[in-house]
Amino acid sequence: MKFVHCIFILVCISFLCNCTSDDDNTQTFIDGTPEPESTYFPPIDGSETWDTKSIAELEWNEAELQPLLNFLEEKNTKSFMILHNGKIVVEAYMNGHSNTSAWYWASAGKTLTTTVTGIAQDDGLLTINDKVSDYIGIGWTSIPLDKENLITCKNLLSMNSGLDDSLGDDFSPDNLQYLADAGDRWAYHNVFVKLQDVISSASNQTWNSYFNTTLKNKIGMTGAWIPLGDLNVYWSNTRSMARFGLMISANGRWNESQIVSQSFLNEATNTSQSLNQAYGYLWWLNGKSSYRLPQTQLEFSGGLVPNAPEDMYCALGRDDQKIYIVPSTDLVVIRMGEAADDINFALSTFDDDLWEKINALTN
């Protein structure tokens with residue numbers, strides 16, 4: 001009896017170890033339920049290799065692909081990608097753009113600064129709850145010292161520094177004026193870029209050097225930061241934006257390497273303050289009860305993008321540069337181009353219209 005029992009156990013173990021589908025190596029539990037597919041990461045050796053997955057394989061509605069692409073082209077899009085578990089499902093270039101063309105991320109690139117701030121904290125170089133002046137010295141604003149000392153790195157990540165957002169993008173001390181105590185007012189303000197100075201000081205490296213070694217090179221991105229007036233704007237091809245979105249969607253991991261801690265990303269992609277429920281650490285959050293938008297102090301009821309999944313979070317840039325991440329469906333969606341309709345600073349009606357088209361394809 002003991003011998004028979006042992007044979008039964010060995011057979012069961014063998015069955016469990018070999019329960020894979022013939023076509024995708026997806027493991028299957030003993031009750032027949034497929035185990036979630038592991039995330040695919042393209043190589044970082046500079047090759048163009050990137051595995052794909054077909055619309056048919058996902059059982060999406062293929063008849064809705066061309067209407068989606070037509071809509072994108074009509075809306076001044078230059079490139080568009082959909083990843084599922086890291087594999088390319090849709091990749092399209094239009095309006096004179098190509099897979100090698102560089103385009104600006106605009107404010108979608110704010111989330112690059114968020115991520116590198118998290119990496120620097122993981123490295124023990126800074127703490128986001130520390131005062132900004134701990135790293136770049138006092139007098140970086142023109143406000144009274146007791147008020148300046150209220151402004152933490154987290155305030156810059158959360159857009160609630162209290163500095164006057166109506167004075168433009170000149171970040172010299174004279175142009176950083178007091179409007180409210182840090183934490184008391186949410187306003188979309190490009191003063192976040194001072195975090196790049198914080199990181200440079202804390203790491204004893206240039207911002208570009210620390211960014212390249214801790215993020216860009218580790219996930220195989222191309223591109224560069226290019227000064228544009230008082231701003232520092234990232235430019236890259238579309239696949240580099242997709243690589244970044246993929247790493248974020250994988251909870252900060254690239255293959256076996258943890259690029260930025262999952263705990264920091266959990267903070268970054270959840271509500272960071274009480275004034276704007278739809279804002280994390282420079283990430284926009286869907287599915288909240290209300291939201292605020294740049295250049296207004298109005299609060300709007302409802303979710304940010306009603307047609308998008310509630311758990312979607314996104315990086316939004318001027319003139320409709322988009323990185324959408326949807327954990328529940330393992331999707332990363334990228335859009336680069338000129339303004340779909342009117343010039344805008346982040347959210348536009350295009351977001352909801354685009355998700356209506358994406359839903360028609362994927363549902």
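Everything that follows concerns the structure shown earlier in this document.
Residues numbered from 1 in each chain as written. Predicted model: local features only at pLDDT ≥ 70, side-chain atom pairs only at ≥ 80, totals over all residues. Heavy atoms only, no water.

**Some thoughts on the pattern of salt bridges**
Test applied: Salt bridge, as applied in this entry: a Lys or Arg side-chain nitrogen positioned within 4 Å of an Asp or Glu carboxyl oxygen. In this description a helix means any DSSP run of H or I spanning at least four residues, a strand means any run of E spanning at least two, and both kinds are numbered starting from the N terminus. Only protein chains enter the accessibility calculation, which uses a 1.4 Å probe; a residue whose area is less than 20% of its type maximum is buried, one above 50% is exposed, and one in between is partly exposed.
Following the criterion strictly, the structure yields 12 salt bridges and no others. Between Glu48 and Arg239 there is a salt bridge whose closest N-O contact spans 3.7 Å. Remark: Arg239 occurs in helix α10 (residues 238–249) and Glu48 occurs in the loop between α1 (2–17) and α2 (55–58); sequence separation between them is 191 residues. Accessibility expressed as a relative area gives 54% for Glu48, which makes it exposed.

**Notes on the side chain of Thr269**
Defined as follows: As used in this structure description, the phrase polar contact means that two N or O atoms lie within 3.5 Å; if the pair is within protein, one of them must be able to donate a hydrogen and the other to accept it, and residues adjacent in sequence are counted only when both atoms belong to side chains. By definition, residues are in contact when any of their heavy atoms lie within 4.5 Å.
Within the element layout of this structure, Thr269 appears in the loop between α11 (262–268) and β8 (284–285). Thr269 gets classed as buried once you look at its relative accessible area, which sits at 15%. In this structure the side chain of Thr269 is engaged in a polar contact, spanning 2.7 Å, whose partner is the backbone oxygen of Leu265. Those residues in contact with Thr269, other than ones at most four positions away along the chain, are Trp283, Leu285 and Tyr313.

**Description of unusual backbone geometry**
We note that Asp319 has phi near 60 degrees; this positive angle belongs to a residue other than glycine. Within the secondary structure, Asp319 sits in the loop between β11 (313–317) and β12 (321–326).

**Some remarks on empty space enclosed by the protein**
Rule in force here: As defined here, a cavity is a set of points on a 1 Å grid over the protein atoms alone where a 1.4 Å probe fits but cannot get out. A pocket is an open set with protein on both sides within 12 Å along at least five of seven lines, and residues line them when an atom is within 4 Å of a point. Grid points are joined across faces, edges and corners, and a volume is the space filled by probe spheres set on the points. Note that Gly is not counted as nonpolar here; it falls among the polar residues with everything else outside the nonpolar set of Ala, Val, Leu, Ile, Met, Phe, Trp, Tyr, Cys and Pro and the charged set of Asp, Glu, Lys and Arg.
With the rule as written, the count across this model stands at 1 cavity of 30 Å³ or more. If you add up the space inside the largest cavity, you get close to 60 Å³. The wall of the largest cavity is formed by Asn155, Leu156, Met159, Asn160, Ser161, Gly162, Leu163, Arg185, Trp186, Ala187, His189 and Val191. Considered class by class, the residues forming the lining of the largest cavity number 6 nonpolar, 5 polar and 1 charged.

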